[in-house]
Amino acid sequence: MTSKKENKKKLESFFEKEYHSLKAYINSRIKVGTDRDPEDIIQKVALSLFSGAERYSPITNVGGFVYWSIKNRIIDVMRKGKGHSVEQDDNDIKLIEFTEVL
């Protein structure tokens, strides 16, 4: 039970102290866009970590744990962006083919 509370306290302390560093890290990795706002990424990662804090064993390296989670979220955002543009390109090609048929 105490490890659950300790994990939350460690995460709260880390996010409070390192918020600007996390934001700078995200800005250095991706260009800011509507779906790529650093604050949104931090909030989504924090929500995920805080909601799952009781499932984790005691976190010893909070910084590594949080940065690893943010890195994975950035990768997810980048994949989502690629999939969207590929899907849009496919739709554009289909539209062109359809208009040629008409």
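Residues numbered from 1 in each chain as written. Predicted model: local features only at pLDDT ≥ 70, side-chain atom pairs only at ≥ 80, totals over all residues. Heavy atoms only, no water.

(A) Local environment of the packing of aromatic side chains. Tallied over the full model, the rule gives four aromatic pairs. Look at Phe-14 and Phe-15: their rings are 6.3 Å apart centre to centre, the planes differ by 80°, and that puts the pair in the edge-to-face class. Each member of the pair, Phe-14 as well as Phe-15, is classed as buried. The interplanar angle of 80° and the centroid separation of 6.3 Å between the aromatic rings of Phe-14 and Tyr-67 together place this pair among those described as edge-to-face. Of this pair, Phe-14 sits in helix H1 (residues 2-29) while Tyr-67 sits in helix H3 (residues 62-101), and the two are 53 residues apart along the sequence. Residue class for Phe-14 comes out buried when judged on its relative accessible area of 15%. According to the relative accessible area criterion, Tyr-67 is partly exposed, its value standing at 26%. Connected via pairs of aromatic rings, a cluster forms that spans Phe-14, Phe-15, Tyr-25, Phe-50 and Tyr-67. (Phe/Tyr/Trp six-rings, centres within 6.5 Å; stacked < 30°, edge-to-face > 60°. Buried < 20%, exposed > 50% of the residue type's maximum accessible area, 1.4 Å probe, protein only. Helix = DSSP H or I, 4+ residues; strand = E, 2+ residues; numbered from the N terminus.)

(B) Expanded view of the environment of Val-62. Among the secondary structure elements, Val-62 is positioned in helix H3. Val-62 sits in the buried class, given a relative accessible area of 11%. Note: C-alpha distance between Val-62 and Ser-13 (49 residues apart in sequence) is 9.6 Å. Beyond its immediate stretch of four places on either side in the chain, Val-62 contacts Lys-10, Leu-11 and Phe-14. (Contact = heavy atoms within 4.5 Å.)

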